Amino acid sequence: MDMLIKLYALGELFPVAPPGVLLRKPLGPEHAFVTQWVAQRFGALWSSEAGVALANRPVSLFMAQRQGQLLGFACWDATARGFVGPLGVAQIARGQGLGAALLRACLHDMRAAGYGYAVAGHVAAPRFFERAAGALEIPDSSPGLYAGLLR
Ligand SMILES: CC(C)(COP(=O)(O)OP(=O)(O)OC[C@H]1O[C@@H](n2cnc3c(N)ncnc32)[C@H](O)[C@@H]1OP(=O)(O)O)[C@@H](O)C(=O)NCCC(=O)NCCS
């Protein structure tokens, strides 16, 4: 199932990282580390999408780090134009607001880039997207863009 997010209605959903957490885009020397980190925790498909986001200019991947430790990542324009995701937080760091902060960072970046809406594709955690960004289910959207994906 895909979900639609109104970027023009983001309002006060500005990204607020939990204390001690830094949200930023990786520098060039960090790109291989980030794609490997994603591959180890979330698999080859998401690592491929992270690579796309890192190749975009400007880069369309945010990461969350605490004291030099990578804790999560989120991408936009990685699956297809106008899509947000993939998005993942390390298991030890879940439930602390990192996922919502990473998602909001991407959504604000998309709005600044000129998009009016974002599509969250093939959503595995719809309640998370509802709570964090007011996402709405897109009817009849599965498998949608992902039909026939080579893997
Ligand atoms: C989904 C995921 C990114 C959430 O990250 P997180 O850092 O734990 O999320 P947050 O702490 O920012 O939670 C934000 C809100 O969403 C809710 N939430 C988080 N994960 C949820 C889930 N799986 N289902 C329902 N609600 C969820 C939280 O309770 C919180 O609600 P609140 O604002 O009312 O307190 C993380 O669980 C993850 O990486 N999962 C595996 C990968 C994945 O499924 N990614 C999404 C791709 S569609």
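These remarks concern the structure in this document. What you see is a predicted model, and the numbers here were worked out from it, not measured in a lab. Here the residue index of a chain counts from 1 through its sequence in written order. Residues qualify for local features only when their pLDDT is at least 70, as the model is predicted, and side-chain atom pairs are given and counted only at 80 or more; totals for whole chains, interfaces and linings, by contrast, use all residues. Only hydrogens and water are set aside; all other atoms, that is, all heavy atoms of the structure, feed into the side-chain values.

**Some words on the pairing of strand S5 (residues 83-89)**
Partly exposed residues are those whose accessible area sits between 20% and 50% of the maximum for their type, while under 20% is buried and over 50% is exposed, using a 1.4 Å probe and protein chains only. Helix and strand assignments follow DSSP, with helices taken as H or I runs no shorter than four residues and strands as E runs no shorter than two, numbered in order from the N terminus. By the criterion of burial, S5 is predominantly enclosed, with seven of the seven residues buried. At least two DSSP bridges between two strands are needed for those strands to be called paired. Sheet topology places strand S4 (residues 69-76) next to S5; four bridges connect them, and they run antiparallel. Bridged to Trp 76 within S5 is Val 84. Between S4 and S5, which follow one another and run antiparallel, lie six residues, and Asp 77 among them has a positive phi close to 50 degrees. The pairing of S5 with strand S6 (residues 117-120) spans two bridges and is classified as parallel. In the strand pairing of S6, Val 84 is matched with Ala 120.

**Overview of the side chain of Ser 60**
Within the secondary structure layout, Ser 60 lies in the loop between helix H2 (44-55) and strand S3 (61-66). Pairs of N or O atoms are called polar contacts if they sit within 3.5 Å, as long as, within protein, a hydrogen donor faces a hydrogen acceptor (for residues adjacent in sequence, only side-chain-to-side-chain pairs). A distance of 2.9 Å separates polar atoms of two side chains, one belonging to Ser 60 and the other to Asn 56. Other than its neighbours up to four places away in sequence, Ser 60 contacts Ala 53, Ala 74, Cys 75, Trp 76 and Asp 77. Between two residues, a contact is recorded if the distance between any of their heavy atoms is within 4.5 Å.

**A closer look at the sheet that holds strand S7 (residues 136-137)**
Taken together, the seven strands give an open sheet; going across it, the order is S2-S3-S4-S5-S6-S1-S7, and neighbouring strands pair in mixed fashion. Either end of the sheet is taken by a strand with one partner, and the two such strands are strand S2 (22-24) and S7. Pairing geometry for strand S1 (residues 3-6) and S6, over four bridges, is antiparallel. When the bridges of S6 are listed, Met 3 appears paired with Ala 120. Sitting on the sheet, helix H1 (residues 31-42) is in contact with S3, S4 and S5, with an inclination near 90 degrees to S4. Taken strand by strand, H2 contacts S3, S4 and S5, and its axis lies near 75 degrees from that of S4. In this analysis an axis means a line fitted to C-alpha atoms, helices contributing only their contacting stretch, and an angle means the value between N-to-C directions, from 0 to 180 degrees.

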